Amino acid sequence: MNRSRQLKQIISAHLSDHLSLYTFIAVLFLMGIVFGAIIVNSLSLTQKEDLAIYLSRFFGQVSDGQFATASEMFQQSFTHYVKYIGLMWILGLTIIGLPIVLIMLFLKGIVVGFTVGFLVNQMSWKGFLLAFVSIFPQNILAVPAMIVVGTASLTFSLRLMRQLFMKRRTELILPPFMRFSALVICTLGVLCIAAWFEAYLSPGLIKAVVDFN
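What counts, and where the lines are drawn
- Residues numbered from 1 in each chain as written.
- Predicted model: local features only at pLDDT ≥ 70, side-chain atom pairs only at ≥ 80, totals over all residues.
- Heavy atoms only, no water.
- UniProt positions renumbered as here; feature names shortened; annotations may be inferred.
- Helix = DSSP H or I, 4+ residues; strand = E, 2+ residues; numbered from the N terminus.
- Buried < 20%, exposed > 50% of the residue type's maximum accessible area, 1.4 Å probe, protein only.
- Core = buried A, V, L, I, M, F, W, Y, C linked by side-chain atoms within 4.5 Å.
- Contact = heavy atoms within 4.5 Å.
- Phe/Tyr/Trp six-rings, centres within 6.5 Å; stacked < 30°, edge-to-face > 60°.
- Axes fitted to C-alpha atoms, helices over the stretch in contact; angles between N-to-C directions.
- Parallel < 35°, antiparallel > 145°, perpendicular 65-115°, else oblique.
- Left-handed = near helix turned anticlockwise from the far one by under 90°.
- Nonpolar A, V, L, I, M, F, W, Y, C, P; charged D, E, K, R; others polar.
- Patch = residues over 30% accessible without salt bridge, like charges linked within 9 Å, V, L, I, M, F, W, Y side chains within 5 Å.
- Areas by Shrake-Rupley, 256 points an atom, 1.4 Å probe, with all protein chains shown as cover.
- Salt bridge = Lys/Arg side-chain N within 4 Å of Asp/Glu carboxyl O.
- Polar contact = N/O pair within 3.5 Å; in protein donor to acceptor, adjacent residues only side chain to side chain.
- Expected span 1.5 Å × (residues − 1).
- Bend = angle between axes of the 7 residues up to and from the residue.

1. Some remarks on the UniProt feature "transmembrane region" (unreviewed entry) in the protein chain
UniProt's entry tags residues 21–40, 84–107, 114–135, 141–160 and 172–197 with the feature "transmembrane region" (unreviewed entry), counted in the numbering of this structure. Helix makes up 100% of residues 21–40 and strand 0%, whereas the separation of the span's terminal C-alpha atoms amounts to 29 Å. Segment residues 172–197 splits into 92% helix and 0% strand. End C-alpha atoms: 40 Å apart.

Shown next, in the form of C-alpha cells:
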C-alpha cells in the first residue's frame with residue numbers, strides 16, 4: 001500500500017515538474033495529426049486513385065485472410081517500436097538530438113492523421129471504422145509511451161545542455177541517466193503490449209469491418 005502511494009507521489013511530482021514539456025509535445029503531436037489530415041486534401045486525383053488501388057488490393061488480401069502470421073507481425077511491430085524508442089534514447093544522450101526527437105513525434109502524428117484522413121476520405125463511415133480498429137488499439141498505448149520517452153529524452157538533453165553551457169560541474173549526471181534508461185526499459189514493456197494488440201487483435205477487427213456490408 002505504501003509502495004503504491006509512493007509511486008503515485010513520484011508520478012504526480014514528475015508530471016507537475018514536466019507539465020509544460022508534456023503539453024508542448026502533446027500539442028506538437030496533435031498538430032502533426034491535423035497536418036497529416038490536411039495533406040490528404042492536397043493530394044492530386046491521380047495520387048488518390050493510386051493509393052485507393054493499393055488500398056483495395058490490401059483489403060482484398062485481408063478479406064481472403066492473407067495476413068502474415070500473428071507471431072511475424074508481433075515481431076515486426078515490436079522490433080519497430082524498439083528501434084524507434086532506442087533512437088529516442090540515443091538522441092536524448094546528445095544535445096543535437098533535441099530537435100530530431102521533436103521531428104520524430106511530429107512525423108508520427110502526420111502518419112496517424114494521414115492514415116485516418118485518407119481512409120475517411122475514401123470510404124466515409126466504413127473508413128472511420130477501419131481507422132479506428134486498425135490504429136486505435138495499439139496507439140492508445142504506443143502514443144502515450146512515445147510522448148513519455150520523448151519528454152524524458154528532451155529533459156535529459158536539456159540537462160546536458162545546462163551542464164555544458166552553464167558549467168554546472170557539481171550536478172551528477174549518472175542518477176538522471178539511470179532513471180532515463182529505466183524509464184525507456186519500462187516503456188518497452190508497454191510497447192510490447194501495443195505490439196500484441198497490433199498483431200493479435202487488430203487483424204481480426206480489420207477483417208470483420210472489411211467483410212461487413
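So, next bit.
2. Regarding unusual backbone geometry
Even without a glycine there, the phi angle at Ser124 is positive, about 55°. For Ser124, the position within the fold is in helix 5 (residues 97–165). The partly exposed category is assigned to Ser124, whose relative accessible area is 45%.

3. Some thoughts on the nonpolar core
Counting 42 residues, the largest nonpolar core has Tyr81, Ile85, Met88, Met146 and Leu154 as the members making the most contacts within it. The biggest single contributor to this core is helix 5, with 22 residues. If near-sequence neighbours (up to four positions away) are discounted, Met88 is found in contact with Val101, Met104, Leu105, Met146, Val149, Gly150, Ser153 and Phe180.

4. Quick notes on the packing of aromatic side chains
By the definition in use, this model includes nine aromatic pairs. Between Phe114 and Phe118, the ring centres sit 6.1 Å apart and the planes meet at 10°, which makes this aromatic pair stacked. Residue Phe114 and its partner Phe118 are both found in helix 5; the two are separated by four residues, about one turn of the helix. Judged by its relative accessible area of 24%, Phe114 is partly exposed. Between Phe156 and Phe180 the ring centres are 5.5 Å apart and the planes differ by 25°, which places this aromatic pair in the stacked class. Of this pair, Phe156 sits in helix 5 while Phe180 sits in helix 6 (residues 174–211), and the two are 24 residues apart along the sequence. Three or more aromatic residues link up through ring pairs in this structure, and these residues are Trp89, Phe156, Phe177 and Phe180.

5. Some details on the packing of helix 4 (residues 70–92) against helix 5
Running from N to C, helix 4 and helix 5 point in directions that differ by 30°, and their axes come no closer than 6 Å. The pairing of helix 4 with helix 5 is recorded here as roughly parallel in orientation. Judged by the twist between their axes, the crossing of helix 4 over helix 5 is right-handed. Residue composition of the contact of helix 4 with helix 5, grouped by class: 15 nonpolar, six polar and one charged.

6. Describing a nonpolar patch on the surface
A cluster of nonpolar side chains, contributed by Val120, Trp125, Phe128, Leu129, Phe132, Phe136, Ile140 and Phe212, occupies part of the molecular surface with about 780 Å² of accessible area. By secondary structure assignment, the location of Val120 is in helix 5.

7. Some remarks on the side chain of Gln138
Turning to its location among the elements, Gln138 is positioned in helix 5. At 2.6 Å, the side chain of Gln138 forms a polar contact with the backbone oxygen of Ser134. When residues no more than four places from it in sequence are discounted, the contact partners of Gln138 are Tyr81, Ala194, Phe197, Glu198 and Ser202.

8. As for helix 5
The first and last C-alpha atoms of helix 5 sit only 16 Å apart over 69 residues, clearly below the 102 Å expected at 1.5 Å per residue. Its axis deflected by about 145° at Met123, helix 5 carries its strongest bend there.

9. A few points about the side chain of Ser157
Within the secondary structure layout, Ser157 lies in helix 5. With relative accessibility at 1%, the residue Ser157 sits in the buried group.

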